[in-house]
Amino acid sequence: MAASTPKTPKRRGSGKPFKKGESGNPKGRPAGSRQILSESFIRDLAADFAEHGVKAIQETRQAYPAQYLAIVAKLCPVEANVTHGATDAFQAIWAKLGARS
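Computed from a prediction, not measured in an experiment: that's the story for all the values here. (Residues numbered from 1 in each chain as written. Predicted model: local features only at pLDDT ≥ 70, side-chain atom pairs only at ≥ 80, totals over all residues. Heavy atoms only, no water.)

**Some details on the overall build of the chain**
Just so we agree on the cut-off: Helix numbering and strand numbering both begin at the N terminus, where a helix is a DSSP run of H or I of at least 4 residues and a strand a DSSP run of E of at least 2. In short, Shrake-Rupley with a 1.4 Å probe defines the accessible areas, and a residue's cover is counted only from the protein chains shown.
Each helix and strand counted, the chain has 3 helices and 0 strands in total. Total accessible area on the chain is roughly 10100 Å²; 59% of this is exposed by carbon and sulfur atoms.

Put into structure tokens, the structure is as follows:
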């Protein structure tokens, strides 16, 4: 019995697979199909937040204070102008969190 040699896949010729102006999907993606999932997700998330949002925020703040502050920080603009009052408020929150440890 002769040893079989593995077949090498056929190579596509050099150049581009489609002629200029042609596409592999000439009709393209249906209009609005990209947004369907994201719009549905945002709508469902908003409905869930309307029902459970305040309680979820309170539970997160109490159970996971570090993550709570990280979320708050991510919601602030990168170049936030911090006033002395804001700094004092942050230090008060930080002191309360430190007292819990």
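**A closer look at helix 1 (residues 33-63)**
How we decide: By this rule, a helix spans an expected 1.5 Å times one less than how many residues it contains. To get the bend at any residue, fit one axis to the seven residues that end at it and another to the seven that begin at it, then take the angle between the two axes.
For helix 1, with 31 residues, the first-to-last C-alpha span of 39 Å runs short of the 45 Å given by 1.5 Å per residue. The largest bend along helix 1 reaches roughly 70 degrees and is located at His52.

**Section: the layout of surface pockets**
Short version of the rule: Detection works on a 1 Å grid of protein atoms alone, calling trapped sets that fit a 1.4 Å probe cavities and calling open sets with protein on both sides within 12 Å along at least five of seven lines pockets, with lining residues defined by an atom within 4 Å of a point. Grid points are joined across faces, edges and corners, and a volume is the space filled by probe spheres set on the points. The residue classification treats Ala, Val, Leu, Ile, Met, Phe, Trp, Tyr, Cys and Pro as nonpolar and Asp, Glu, Lys and Arg as charged. All others, Gly included, are polar.
In this structure, the second largest pocket spans a volume of roughly 200 Å³. Sorting the residues of the lining of the second largest pocket by element identifies helix 1 and helix 2 (65-75) as the ones contributing at least two each. Ranked by residue count, the leading element in the lining of the second largest pocket is helix 1, at 7 residues. Broken down by class, the residue content of the lining of the second largest pocket amounts to 7 nonpolar, 3 polar and 1 charged.

**Remarks on the pattern of salt bridges**
Quick reminder of the rule: Any carboxyl oxygen of Asp or Glu within 4 Å of a side-chain nitrogen of Lys or Arg constitutes a salt bridge here.
Summed over all chains, the structure comprises 1 salt bridge. Across the pair Lys55 and Glu59 runs a salt bridge, and its minimum N-O distance is 3.9 Å. Within this pair, Lys55 and its partner Glu59 are both found in helix 1, separated by 4 residues, close to a single helical turn.

**Details of a nonpolar patch on the surface**
Short version of the rule: Each patch is assembled from residues with relative accessible area greater than 30% and no salt bridge, linking like charges that lie within 9 Å and nonpolar side chains (Val, Leu, Ile, Met, Phe, Trp, Tyr) that lie within 5 Å.
Where nonpolar side chains cluster on the molecular surface, the patch consists of Phe41, Ile42 and Leu45 and spans about 310 Å² of accessible area. Note on placement: Phe41 falls in helix 1.

Read these as geometric descriptors, not functional statements.
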